[in-house]
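# A closer look at the structure
Here's the letter readout for the chains.
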Amino acid sequence: MRIRTFLPAETPISTTLRSEPFQKLAQSIEDRTACVGVMGLGYVGLPLIHAFASAGHPTLGFDVDERKIEQLTAGKSYIGHLPDEMLTEMLDSKLFEPTSEMNRLEEADIILICVPTPLSESRDPDLRYVESTAEEIAKRLRPGQMIVLESTTYPGTTKDCVLPILEQSGLKVGEDFFLAYSPEREDPGNKDYTASRIPKVVGGHDEASATLAEAIYKNAVVDVIKVSSCEIAEACKILENTYRAVNIALVNELKMLYDRMGIDIWEVIDAAKTKPFGFQAFYPGPGLGGHCIPIDPFYLTWVARKNGCSTRFIELAGEINTSMPKYVISKAMEGLNHQGKAIRNSKICLLGVAYKKDVDDPRESPSFVLIDELLHFGADLSYSDPFVPKLPSMRNHNVPDLASEDLTPEFLASQDCVIIATDHTEVDYEMVVQYAPLVIDTRNATAKINLPKENVIKA
Ligand SMILES: NC(=O)c1ccc[n+]([C@@H]2O[C@H](COP(=O)([O-])OP(=O)(O)OC[C@H]3O[C@@H](n4cnc5c(N)ncnc54)[C@H](O)[C@@H]3O)[C@@H](O)[C@H]2O)c1
């Protein structure tokens, strides 16, 4: 594996004015012998491991899921857009070792926490995974270790939730051990922005922690932005994601209005984005998906309530975005109605169940709300997604036991309606438009096709 260096060491950080644990850790960061442990080897943790191993740091990957550890040890990736070769290269270089043995946390000089931060049933922050991870670390915390929380969460989590657990070790933060927050900005499937090429925001609990956190990330990523506290870094991540959620809600609302007026929202956005300042393009869709955008704003609304404030803007955006699947269904009803059909007993194929194009991640995908609705109305449902061979079971949804259909002219012609919910690149949309009697396009995937499109409805 080619070891990459981003930033040459400037002035050495291991000054004699600091505690001994600081100096030791600083030195091992400088000479890249510091072992980087990552807790949680999912969509965020694995690319991060790769960034540090590529920078020449030995890495240890921890996960409670034994099957994942077995697969990683065998050099097999369980994430579609991360190739097996990436793993085998790291394993061959001896800079990566996956393990489920939490006793080995002691071996890591730096521990990055990348575990899930979902919502509870009542849509409040569920910090169970962060807490249990911090407890595992606290049991073995030793002087000279640095802990960095990367999971997305509300401002205050590192200080109010992680720190008290770590302090149960009896060690002192800023002197014996170090604590920081650095939000993950992973964009799964985006080849232009792999983990090492995305600038990273870093906030330390104290100056010593901030200095060390800045130094370790400088070894592995293209740019590091040090901010004045963990809370600023936490709030920054939530701002980034809320900004997306609110802007997507805006274009979703405009989509419905413009449709009524016979105006194509996609063409409007393409025109607006030619403005070289003051406008950033966001696109409408069948609803929000993924681990972040549908969830993170609720972390903020929860902490706002705790602080006696309301976040009406964010709540409204959530309302609009979650109503999108119903809008898509109404468009399908309209299209079928024109053909003298109802959803009941119609053969309807959902094209795409991953939450975004070219990834295999179905979490929070609006496709599962569409499935609920279509089954509720009695559709004869099928689906096709080259990245998701079988429908996974999902919390809060009754998912039927279905396998992905191959898209052939015969299959498409046998359907009453095809709903494009995810615009995977490898799908032949020309064939879809040519053979399906009715196409509901929620992603503008059919825009560039040079065929008559009387059977296509944008939704
Ligand atoms: N997926 C993204 O694109 C993305 C982007 C930015 C931020 N984030 C945030 O990063 C965090 C992780 O997200 P993800 O998508 O990688 O989740 P994921 O579900 O893909 O991976 C999390 C991993 O943590 C493991 N895990 C759970 N409890 C553990 C424990 N106690 N010890 C060790 N491992 C444990 C799980 O088995 C799983 O493999 C979340 O807070 C998420 O909001 C995700």
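Please read these numbers as outputs of a predicted model, since none were measured by experiment. (Residues numbered from 1 in each chain as written. Predicted model: local features only at pLDDT ≥ 70, side-chain atom pairs only at ≥ 80, totals over all residues.)

A few words on the overall build of the chain. What the chain contains, in helices and strands, is 14 helices and 13 strands. Taking 23 Å as the expected radius of gyration for a compact globule of 459 residues, we find that the chain reaches 24 Å, a close match to that expectation. In terms of principal-axis extent, the alpha carbons of the chain reach across some 80 × 50 × 40 Å. Within the chain, buried positions represent 47% of all 459 residues. Within the chain, contacts between residues at least 6 apart in sequence are counted, and of these 68% link residues at least 24 apart. (Helix = DSSP H or I, 4+ residues; strand = E, 2+ residues; numbered from the N terminus. Rg over C-alpha atoms; globule rule 2.2 N^0.38 Å. Buried ≥ 20, exposed ≤ 12 C-beta atoms within 10 Å, placed from the backbone. Contact = placed C-beta atoms within 7 Å.)

A word on helix α12 (residues 367-376). All of the buried residues along α12 are Ser 367, Phe 368, Val 369, Leu 370, Ile 371 and Leu 374. Among the structural elements, α11 (312-338), β9 (347-351), β10 (380-384) and β11 (417-420) are those in contact with the buried residues of α12. Directly beyond the C-terminal end of α12, a positive phi value near 85° is found at Gly 378.

Take the sheet that holds strand β5 (residues 146-149) next. Across the sheet, which stays open at both edges, the eight strands sit in the order β3-β2-β1-β4-β5-β6-β7-β8 with mixed pairing between neighbours. With partners counted over all chains shown, the strands left at the sheet margins are β3 (96-99) and β8 (224-227), one partner each. Going from strand to strand, the sheet's axes swing by 25° on average, the running direction of each strand aside. As paired strands, strand β1 (residues 36-39) and strand β2 (residues 59-62) are joined by four bridges and run parallel to one another. The residue of β2 that forms the bridge with Met 39 is Phe 62. Helix α2 (residues 45-54) rests against β1, β2, β3 and β4 (110-113) of the sheet, and its axis sits at about 170° to β2. Helix-sheet contacts for helix α6 (residues 157-167) involve β5 and β6 (178-181), and the interaxial angle to β6 is about 150°. (Pairing = 2+ DSSP bridges. Axes fitted to C-alpha atoms, helices over the stretch in contact; angles between N-to-C directions.)

Moving on, we come to the nonpolar core. With 68 residues, the main nonpolar core has Leu 112, Ile 113, Met 146, Val 148, Leu 166, Ala 180 and Leu 212 as its most contacted residues. Considering each element in turn, this core owes the most residues, eight residues, to helix α7 (residues 207-220). If near-sequence neighbours (up to four positions away) are discounted, Ala 180 is found in contact with Met 146, Val 148, Val 202, Gly 203, Gly 204, His 205, Ser 209, Ala 210, Ala 213 and Cys 230. (Core = buried A, V, L, I, M, F, W, Y, C linked by C-beta atoms within 7 Å.)

Two numbers describe how helix α5 (residues 128-140) lies on α6: the axes approach to 8 Å, and their chain directions differ by 35°. The hand of the α5/α6 crossing is right-handed. Mapping the contact onto sequence places Val 130, Glu 131, Ala 134, Glu 135, Ile 137 and Ala 138 in α5 and Thr 157, Cys 161, Val 162, Ile 165 and Leu 166 in α6. Across the contact of α5 with α6, the residue classes tally to eight nonpolar, one polar and two charged. (Left-handed = near helix turned anticlockwise from the far one by under 90°. Nonpolar A, V, L, I, M, F, W, Y, C, P; charged D, E, K, R; others polar.)

Split into domains, the chain comes out as domain 1 (20-230) and domain 2 (242-458). On a C-alpha basis, the centres of domain 1 and domain 2 stand 34 Å from each other. Class assignment for the residues of the side of domain 1 that touches domain 2 results in seven nonpolar, six polar and two charged. (Domains from an automatic or database assignment.)

Right, let's get into the packing of helix α8 (residues 230-260) against α11. As a packed pair, α8 and α11 sit with axes 8 Å apart at the nearest point and diverge in direction by 50°. By the angle class used here, α8 and α11 are oblique. Relative to α11, α8 is oriented so that their crossing is left-handed. Residues Thr 242, Ala 245, Val 246, Ile 248, Ala 249, Asn 252, Glu 253 and Met 256 of α8 pack against Phe 313, Ile 314, Ala 317, Ile 320, Asn 321, Met 324 and Tyr 327 of α11. Taken together, the residues of the contact of α8 with α11 sort by class into eleven nonpolar, three polar and one charged. (Parallel < 35°, antiparallel > 145°, perpendicular 65-115°, else oblique.)

A word on the sheet that holds β10. If you walk across this open sheet you meet the five strands as β10-β9-β11-β12-β13, and the pairing is parallel. On the outer flanks of this sheet lie β10 and β13 (456-458), each paired with one strand and no other. The average undirected angle you get between the axes of adjacent strands in this sheet is 20°. Here β11 pairs with strand β12 (residues 439-441) via three bridges, running parallel.

Near the ligand, the surroundings consist of 26 residues, among which Gly 40, Gly 42, Tyr 43, Val 44 and Ser 151 are the closest. Broken down by element, the shell around the ligand gets its largest block of residues, three residues, from α5. Per-class residue counts for the shell around the ligand are twelve nonpolar, nine polar and five charged. (Near = placed C-beta within 6 Å.)

Successive side chains on a regular strand alternate, one facing one side of the sheet and the next facing the other. With burial as the criterion, only one face of β8 is covered, namely that bearing Val 224 and Lys 226; the residues Ile 225 and Val 227 on the opposite face remain uncovered. Both strand β7 (residues 200-204) and β8 contribute to a ladder of four bridges, which runs parallel. Within the sheet, the bridge partner assigned to Val 201 lies in β8 and is Ile 225. Once you follow β7 into α7 and on to β8, the crossover reads as right-handed. (Right-handed = clockwise from strand over helix to strand, strands pointing away.)

Bringing the environment of Lys 448 into the picture now. Inspection of the secondary structure puts Lys 448 in the loop between β12 and β13. In this structure Lys 448 comes out as exposed when scored by C-beta crowding, with 8 C-beta atoms within 10 Å. In this structure, the C-alpha to C-alpha distance between Lys 448 and Tyr 429, residues 19 residues apart in sequence, is 9.3 Å.

Another aspect to go through is unusual backbone geometry. Its identity is not glycine, yet Arg 123 carries a phi of approximately 60°, on the positive side. In this structure, Asn 444 takes a positive phi of about 60° despite not being glycine.

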